[in-house]
Amino acid sequence: MTITANWSYPTAIKFGAGRIKELADHCKAVGMRKPLLVTDRGLSTMAITQGALDILDAAGLGRAMFSEVDPNPNDRNLEAGVKAFRDGGHDGVVAFGGGSGLDLGKAVAFMSGQTRPVWDFEDIGDWWTRANSDGIAPIVAVPTTAGTGSEVGRASVITNSETHTKKVIFHPKFLPSVTICDPELTVGMPKVITAGTGMDAFAHCLEAYSSPFYHPMSQGIALEGMRLVKEYLPRAYKDGTDIEARANMMSAAAMGAVAFQKGLGAIHSLSHPVGAIYNTHHGMTNAVVMPPVLTFNRPAIEAKIASAAAYLGIAGGFDGFFDYVLRLREELGVPDKLSALGVGTDRIGEMAEMAIVDPTAGGNPVELTLDAARRLFVECI
Ligand SMILES: NC(=O)c1ccc[n+]([C@@H]2O[C@H](COP(=O)([O-])OP(=O)(O)OC[C@H]3O[C@@H](n4cnc5c(N)ncnc54)[C@H](O)[C@@H]3O)[C@@H](O)[C@H]2O)c1
Ligand SMILES: [Fe+2]
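The structure displayed is predicted, hence computed values, not measured ones.

1. Side note on the overall build of the chain
No. 1: When its secondary structure is counted, the chain shows 13 helices and nine strands.
No. 2: In terms of C-alpha radius of gyration, the chain reaches 20 Å, essentially the compact-globule figure of 21 Å for 381 residues.
No. 3: Taken over the C-alpha atoms alone, the chain extends approximately 60 × 50 × 35 Å along its principal axes.
No. 4: When the 381 residues of the chain are sorted by exposure, 59% land in the buried category.
No. 5: Within the chain, contacts between residues separated by at least 24 positions form 76% of all contacts whose residues are at least 6 apart in sequence.
No. 6: Working note: accessible area of the chain is about 14500 Å², and carbon and sulfur atoms make up 55% of it.
No. 7: Side chains of the chain carry 33 positive and 41 negative charges; the gap between the two charge centres is 3 Å.

Following this line, the structure appears as structure tokens:
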């Protein structure tokens, strides 16, 4: 089945296999004449990235690339990217990659027009109104993983390289003007990245669905996002060339990010300090901590999860859902404990302090206290 679509929600999305060939047209349509493609180091030499540069070049837009981007990108990457943008006289950003390339690309476009430090735009209250919104360069996003949903999000996650904390930087104009969702670009993902990113999408849907706030739109999107992951992530994992599965996982990723406007929760609150300190893969970290967080939240979400289970065709209510998550993790080769990702027990106190002030903690259906965070870390590691 060929899946092609044009959506305008929450931004212009050009969805379908092969649609990367439209990249230059969309860049021109949003006013770019000299875009800077921002991606991470690993992707910079890959054929999909070189192919995207060829498309820009052939249309007279040049082939400028900035790729000094780490996984869990940080302020140093950002500073270098903004310098490359300004020195090169660029007028827009093609944010290309997984969450790392996308987040840093979006942040470069944003910071290219600001004078204040990036931390002044953390996602707190109305801090985003401090920004000069006329200075933000246009963004065309091209996801190459199916997980973070950053391609349809209004935030970037940037690690503070001094304090080793992950900060969410927010502005409504972080939302790309155009997003090209081409599932063929995700075919080359290694199995472990397919699994980790897919579980990030699942975590976004699950946490958005579980958070206590009133947001029926997000609730519906989160539920259907979980169904897509259930049906298609094992297929994409087994056969990376299964385009129908890859396409549906791209949808699930975008849906997760749209849904988590409603809130995230303790899976992400625990995962952020771990990622910032140990540089683990974000989605894989989420997948490891998911079952203990589900159990912790059980008193508040038992009935809700039972409804989700019924929709997903899982028998047995909350327990059935919990067992399903364990089976899914096993099928995708997710380790049971964080120690398998290189996380030690020596910094639990510090990580617990960071988890409870993480902006995602407020969306958890059960209050994440310092003691609870500590206990969860002990269990997860
Ligand atoms: N902005 C948001 O709302 C949001 C949400 C969740 C996570 N994040 C952030 O996103 C980042 C994680 O993103 P991610 O999970 O997509 O991983 P990633 O971008 O770090 O990529 C992981 C690895 O996969 C490689 N890769 C990417 N696409 C590939 C492809 N098609 N073929 C082969 N290799 C490929 C990359 O080079 C990299 O080595 C974290 O920094 C996380 O904090 C942001
Ligand atoms: Fe996430």
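2. Some thoughts on unusual backbone geometry
No. 1: Proline 10 follows tyrosine 9 through a cis peptide bond whose omega is 0 degrees.
No. 2: By the secondary structure assignment, proline 10 is in the loop between β1 (4–7) and β2 (12–16).
No. 3: If you check the backbone angles, histidine 164 has positive phi at about 55 degrees while not being a glycine.
No. 4: For histidine 164, the position within the fold is in the loop between β7 (155–160) and β8 (165–170).
No. 5: The exposure class of histidine 164 is partly exposed, given its relative accessible area of 37%.

3. A word on the side chain of serine 218
No. 1: Examined against the element boundaries, serine 218 turns out to sit in helix α7 (residues 216–238).
No. 2: Of the polar contacts made by the side chain of serine 218, one reaches the backbone oxygen of alanine 259; its length is 3.3 Å.

Calculation notes
- Residues numbered from 1 in each chain as written.
- Chains lettered and ligands numbered in written order.
- Predicted model: local features only at pLDDT ≥ 70, side-chain atom pairs only at ≥ 80, totals over all residues.
- Heavy atoms only, no water.
- Helix = DSSP H or I, 4+ residues; strand = E, 2+ residues; numbered from the N terminus.
- Rg over C-alpha atoms; globule rule 2.2 N^0.38 Å.
- Buried < 20%, exposed > 50% of the residue type's maximum accessible area, 1.4 Å probe, protein only.
- Contact = heavy atoms within 4.5 Å.
- Areas by Shrake-Rupley, 256 points an atom, 1.4 Å probe, with all protein chains shown as cover.
- Lys, Arg positive; Asp, Glu negative; His and termini not counted.
- Charge placed at Lys NZ, Arg CZ, Asp CG, Glu CD.
- Polar contact = N/O pair within 3.5 Å; in protein donor to acceptor, adjacent residues only side chain to side chain.

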